[in-house]
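Observations on chain architecture
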Amino acid sequence: MNTILIISECAQQEYRLKELFSERYTVPDYNGVKKHVPDMYIITAQAYSADFFEKHPEYDACLSETPGMILWENDDSYRLMSYRNCRMFSECKLEKSDAELLDKFDEFVSLLSRNNKNLLHLSDIQSDIHSMYRETSYKGIIEVEYYNFARIYQFVDKLIERSGKPMQTLLLSLVPHDERACTPKDLSYANEILSKAIQMTLRKNDVMTNYSDSQMLVLLVDADDAGGHFATNRIISTFFGLYEDELYQLDYDIRPVGNHR
């Protein structure tokens, strides 16, 4: 496996990634895909992926059996998530380092190659899962994209019906004291501090997702009403211990899982 196709709506980003991945892989142009299907493709935004394949059904047909990865590029980090035909990977976050990005893809390509050639043993699969869990968690709590959070919530909801164990859903919202005085950068910083406060406070079996630019959604596993409020108070206390700008207050709503409106 040595051919990777780069798909991006930004010509400058596409060129830079082609230059980067060309150091270790063959990176073809779109025109050659119909004749020689790549081993893997990278698409640079989740929303753009659906638009791209809708506008270019010929590529959708060519790549229907090809493993895909989604790449987000932020100011200080890379985020990777598996896409079609590539379900053995969880989401992972890397520092903004091209060397680390290439090393991570080397791992992915190696695992894909093994998986395509041989059936993996259960011990191999468990090892991969534990490795992904360690990489995608900070001090234990599991952080996922919203659609994965929703799937976990649905599973937990059904589990509660059988087990009767209490679990809570917590929504934390950053509310500006004066909206006119707050910039998008101020909100991004407050959101980053809130995420860190949650990660520092909660346990290994809890789950969180960034619901919006100003809201975090948390699944508190094995927590009754008292335990949920205790965890919430710890998060709030940790947040205000880290956040010194005083531009935002923190509101919350907590409800048992299964308590639907």
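Up top is the structure.
A few points on the structure. (Residues numbered from 1 in each chain as written. Predicted model: local features only at pLDDT ≥ 70, side-chain atom pairs only at ≥ 80, totals over all residues. Heavy atoms only, no water.)

Topic: the sheet that holds strand β4 (residues 77-82)
For clarity, the threshold we go by: Pairing between two strands requires that DSSP report at least two bridges joining them. Strands here mean DSSP runs of E at least two residues long; helices mean DSSP runs of H or I at least four residues long; both are numbered from the N terminus. Note on method: axes are straight lines fitted to C-alpha atoms, helices fitted across the in-contact stretch only, with angles between N-to-C directions ranging 0 to 180 degrees. By definition in these notes, contact holds between two residues if any of their heavy atoms fall within 4.5 Å.
Read across the open sheet, the 5 strands follow the order β1-β2-β3-β4-β5; overall the sheet is mixed. With one partner strand each, in any of the chains shown, β1 (4-7) and β5 (92-95) form the two edges of the open sheet. Averaged over all adjacent pairs, the angle separating strand axes in this sheet is 25 degrees, with direction ignored. Strands in contact with helix α1 (residues 11-21) are β1, β2 (40-43), β3 (68-73) and β4; relative to β1, the strand with the most contacts, it is inclined by about 160 degrees.

Details of unusual backbone geometry
Selection criterion: Only protein chains enter the calculation, and the probe is 1.4 Å; a residue is then buried if its accessible area is under 20% of its type maximum, exposed if over 50%, and partly exposed in between.
The phi dihedral of aspartate 222 is positive, around 55 degrees, even though this residue is not glycine. Position of aspartate 222 among the secondary structure elements: in the loop between β10 (215-220) and α8 (225-242). Residue aspartate 222 is classed as partly exposed on the basis of its relative accessible area of 39%. Even without being a glycine, glutamate 246 presents a positive backbone phi close to 65 degrees. Position of glutamate 246 among the secondary structure elements: in the loop between α8 and β11 (248-256). Of the residues examined, glutamate 246 reaches a relative accessible area of 65% and is grouped as exposed.

Overview of the packing of aromatic side chains
Stated precisely, the cut-off is as follows: A pair of Phe, Tyr and Trp rings is counted when the ring centres sit within 6.5 Å of each other, with Trp represented by its six-membered ring. The angle between the planes then sorts it: under 30 degrees is stacked, over 60 is edge-to-face, the rest tilted. Definition used: whenever NZ (Lys) or CZ (Arg) falls within 6 Å of the ring centre and also within 35 degrees of the ring normal, the charge is taken to sit over that ring.
Tallied over the entire structure, the rule returns 6 aromatic pairs. Their ring planes at 40 degrees and their centres at 6.4 Å tell us that phenylalanine 21 and tyrosine 25 sit as a pair that is tilted. Each of the two residues, phenylalanine 21 as well as tyrosine 25, counts as buried. Centre to centre, the rings of tyrosine 146 and tyrosine 211 are 5.2 Å apart; their planes meet at 65 degrees, and the pair counts as edge-to-face. One end of the pair, tyrosine 146, is in helix α6 (residues 146-163); the other, tyrosine 211, is in strand β9 (residues 207-212), and 65 residues separate them in sequence. The side chain of lysine 96 reaches across the aromatic face of tyrosine 78, ending 5.6 Å from its centre.

Side note on the pattern of salt bridges
Using the following cut-off: Think of a salt bridge as a Lys or Arg side-chain nitrogen and an Asp or Glu carboxyl oxygen that are within 4 Å of each other.
For the structure on display, the rule yields 10 salt bridges. Between aspartate 98 and arginine 16 there is a salt bridge, and its shortest N-O distance comes to 3.5 Å. You can see aspartate 98 sitting in helix α4 (residues 98-117) and its partner arginine 16 sitting in helix α1, a full 82 residues away along the chain. For arginine 255, the salt bridge identified is with aspartate 253, shortest N-O distance 3.1 Å. Here the salt bridges share partners, and the residues they tie into one network are Arg16, Glu73, Lys96 and Asp98.

Note that all results are geometric; they support no functional claim without further evidence.
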